[in-house]
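A look at the structure
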Amino acid sequence: MVFSSNIFIFFFLPACLLIYFLVPGIRAKNVVLLLFSLVFYAWGEPIYLFLILISILLNYLTGLYMERIPSWRKGILITGIVMNLALLGFFKYYSFLLGIINSLFGLSWTSRELPLPIGISFYTFQALSYVIDLYRGKISVQKNVFRFALYISLFPQLIAGPIVRYSEVEKALSDRPVTPERLGTGLMRFSYGFAKKILLANTLGAIYEKTRFQLESVSVLTAWIGIIAYGLQIYFDFSGYSDMAIGLGYCFGFEFPDNFRASYGSKSITELWRRHHMSLGSWFREYVYIPLGGNRVGTFRYILNILIVWGLTGLWHGAGYHFVLWGLYFGVWMLFEKYVLFKIKHFPSVFAHLLTLFVFFFGFGMFQSATWEQAVQSYRNMLFLSGMPAWDQSALRLLVTGGPMLVIGGFFASPFMLHTREKLMKDHFTVSAVISLFLMVLSIAFMVSQDYNPFLYYRF
Amino acid sequence: MDPLNNDQSTVASDRPVNRSRSLKNQEWSKNYHSAAVYGFLFVILLVCAGLWHVLTPDRGYSALEKRTLTQFPPLSLQNVASAEWMQKVEKYASDQFPARDAMMHLKSDISLRLGETESNGVYYCRDGSLIQKLDPWTPELLEKTTDAVAHFTERYAFRNRIFLMVPSAMVLSPEVLPFFVDNQLETSYLSAFLSRLPETVQAPDLLPLLNETKQSGERAFYLTDHHWTTTAAHHVFTSLASSFGWKESAMDFSVVSNHFLGALVSKSGYVPAMSDSILAGYDKEISVRISRTNGEIQSSFYRPEALGTSDEYLFFLGDNEPMLSITTTADTDDTLLVFKDSYANCFLPFLAASYKNIIVIDPRYYSEPVSSLFMTGGYTDVLFLYSPHTLAHNEALSILLEDEAPE
């Protein structure tokens, strides 16, 4: 199920909230949330309900046995990690890996395309945070399998993040505030995220789609309009989803980590990634980068660490060489920033902003493409290499019809709007309430009438 | 376990404890009472919308969208396990949303104000009219169709083989199109199609004739519908009558509706600048008898009962039918075979004076072999009357005509 559907907005959500608030006691509330979460997950692909249940059981038992047999802790942890990665690898990277093996050994094994289980990248990473932190002694074991199941399957953040670490909700699983104020405040945050997704992301997505129609014959201007629309769409899609998840979590009494803080207003790629997909970035930092030694190692090793982390970050986003390359591209650029750009004193800030945006959006040429060939074609189009004119009739048309939306998108992605939203919620609640209800009605109108409603982040 | 936080009632009585807690955790808002009121209001609104959704009787068919709407699917274990049930429920919920049409208008209107002059393949033009664009077409289908017409017209003997291709408003009025919209697809289709027809088929270019209508200050196409107007159709008929031996009958023209909102309104969701009028021509001398596929007989080309409904264009001949058989009181033995789409519906009345019998086939719905049309003998003339919107994307005509083509 996705948040931007009639079923969710008019039936699932109100039913879940009503029952959740009416049943007494945290145990009953946990049961309600767990049941609704499982229905939410099973809605799109019921068969994969078994997958998430297997993942739950696997990690629950890993935790339990690490506690019971302390002398085998390391072995059990490694087994748990390997099994988690095996599940993820099989369902997400199977055909990619097969392709690599085929090309290395000149084989032609064929694979059956499996539909990607929804949210597997997200909940596998959540589960890993549990077993690793447990091994490190940062958290205590969860003996109640239902609470553990609730942590893994909690529907607000189940399919598109933020990636919530066990330590962040450990206490809340058994004890959390459930109040009418939190309901209102959380739903307000939800409504802003909903509007971001429906009014901004989907509209920008429709502009982007128009530029992808005939990839071989688009002008340079069209290609760039497409990249800008895509970059903005990604931001609103993902940050809107995070807002909805964080808001709903807040309604239910959880505090999820913040994700996406006006990242396009950053002055460097290093800063941008700290403000972009924050929960993913901090996950990789905590469980990959620091265990590798972080920056407390020699220069060569440090560079290697950065490249490993960013290569993996790329791979997490999709099974393909171009995703790995996309990650490495940022790793390399951050090294360039560290060793060159940051050393320049009095680097004009306007230029820093523009350069950052350019580098980030330029990377979308790889990110947006389903295949390697498409990625290459996208760059040919952007860089005057496809023999097409700088602009043509249809590019100008796109500029006229889509231009206002791009400007609006840029405005709403700015730090100014983030701060305005936060200030409104904090100090002018009534004003914010009116705005949010208005946006809700408008978003519902758009949701009902637009067929174009896919959540991009399903495939990650 | 902290009993204070377990359920709502105790929480409500111990507000300060929670107040400090939520403040400490994440300071999102300081307005506790407003937040609570807002929260309840929000949930109540969603519940009401849900109830409205459920309690509104389901519609079977949407006249605006011209399609049957999804009904609530039957529940079975198999359906649920394969997710088919869920997909259908989603479709059902979006199809049956009570204010769907109003919502669509709101969305198109806002998008239009933000500069988006295209919705669902329909342009909102500079003069306030709605014009449908032609989707990209393939030369393969074009060749297949023209070949089929050529084979068919060679195979059977006719006095006149006539092909009337009605150009679209895109071609007639490029000056009203939104900025930077061109009609390349439409013009290239028209010229490619007409030039590929064999010389034995008479296919006059209708564009100059429609232009004459336009120059005379009349509309050749509706503002809100993709069809050509009765005025344009009649002008084309009188201009071509002498070349095809058509008799011009005395006609009474009268406006039958001033509130026509055409198919492009529902397709795009745009609220048009004004509505259209429908003009009908009544033959003063000839009367007709039309039998429809379902056996229904009518004595007029027009169906006044469609006026005042949501789809007034059905005034012209009603719904698309596989086959219509028209008998007239015209003083002639000539017969006519027509292959057509809905563009012929307002044109056929003018032909009543020239033929004793007219068989009208819409290949999209006609499933018999074409030879069955010739069981009782041949036809004097054959007429194809089409718009590119149908012909460029639908292969029904070529399939029907090639039905028994030599291998």
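All residue numbers refer to positions counted from 1 along the written sequence of the respective chain. As they are written, the chains are lettered A onward and the ligands numbered 1 onward, keeping that order. Where totals are concerned, whole chains, interfaces and linings use all residues; where local detail is concerned, this predicted model gives features only for residues with pLDDT of at least 70, and gives and counts side-chain atom pairs only at 80 or more.

**Description of the overall build of chain B**
Just so we agree on the cut-off: Think of it this way: any DSSP run of H or I at least four residues long counts as a helix, any run of E at least two long counts as a strand, and we number them from the N terminus. Whether a residue is buried, exposed or partly exposed is read from the other C-beta atoms within 10 Å of its own C-beta, which are placed from the backbone; 20 or more gives buried, 12 or fewer gives exposed, and intermediate counts give partly exposed. A pair of residues counts as a contact when their C-beta atoms, built from backbone coordinates, are within 7 Å of each other.
Looking only at helices and strands, one finds 14 helices and 14 strands in chain B. Principal axes of the C-alpha set define a box for chain B whose edges measure 95 × 50 × 40 Å. Looking at chain B as a whole, 40% of its 407 residues qualify as buried. If you take every contact in chain B between residues at least 6 apart in sequence, the share linking residues at least 24 apart comes to 70%.

**Notes on unusual backbone geometry**
The phi dihedral of F260 of chain A is positive, around 60°, even though this residue is not glycine. Looking at where F260 of chain A falls in the secondary structure, it is placed in the loop between α9 (220–252) and α10 (269–275). Taking the number of C-beta atoms within 10 Å as the measure of exposure, F260 of chain A has 25 and is therefore buried. The backbone of N120 of chain B shows a phi angle near 55°, a positive value even though the residue is not glycine. Mapped onto the elements of the fold, N120 of chain B is located in the loop between β3 (118–119) and β4 (122–124).

**Observations regarding the sheet that holds β4 of chain B**
Residue and element names in this part refer to chain B. Selection criterion: In short, DSSP must find at least two bridges between two strands for them to pair.
A sheet is described by the order of its strands in space; here three strands give the open sequence β3-β4-β5, paired in antiparallel fashion. The sheet is open, and its two borders are formed by β3 and β5 (130–132), each paired with just one other strand. For β3 and β4, the ladder comprises two bridges, and the chain directions are antiparallel. Bridge pairing links S119 to V122 in β4.

**Describing the domain arrangement of chain A**
All names here are of chain A. To keep it simple, the criterion reads: Domain start and stop points were drawn from an automatic or database domain assignment.
Entries for chain A in the domain assignment read domain 1 (6–177) and domain 2 (182–459). Spacing between the C-alpha centres of domain 1 and domain 2 amounts to 25 Å. Taken residue by residue, the interface counts 27 residues in domain 1 and 28 residues in domain 2. The dominant element in the side of domain 1 that touches domain 2, judged by the number of residues it contributes, is helix α5 (residues 120–135), at five residues.

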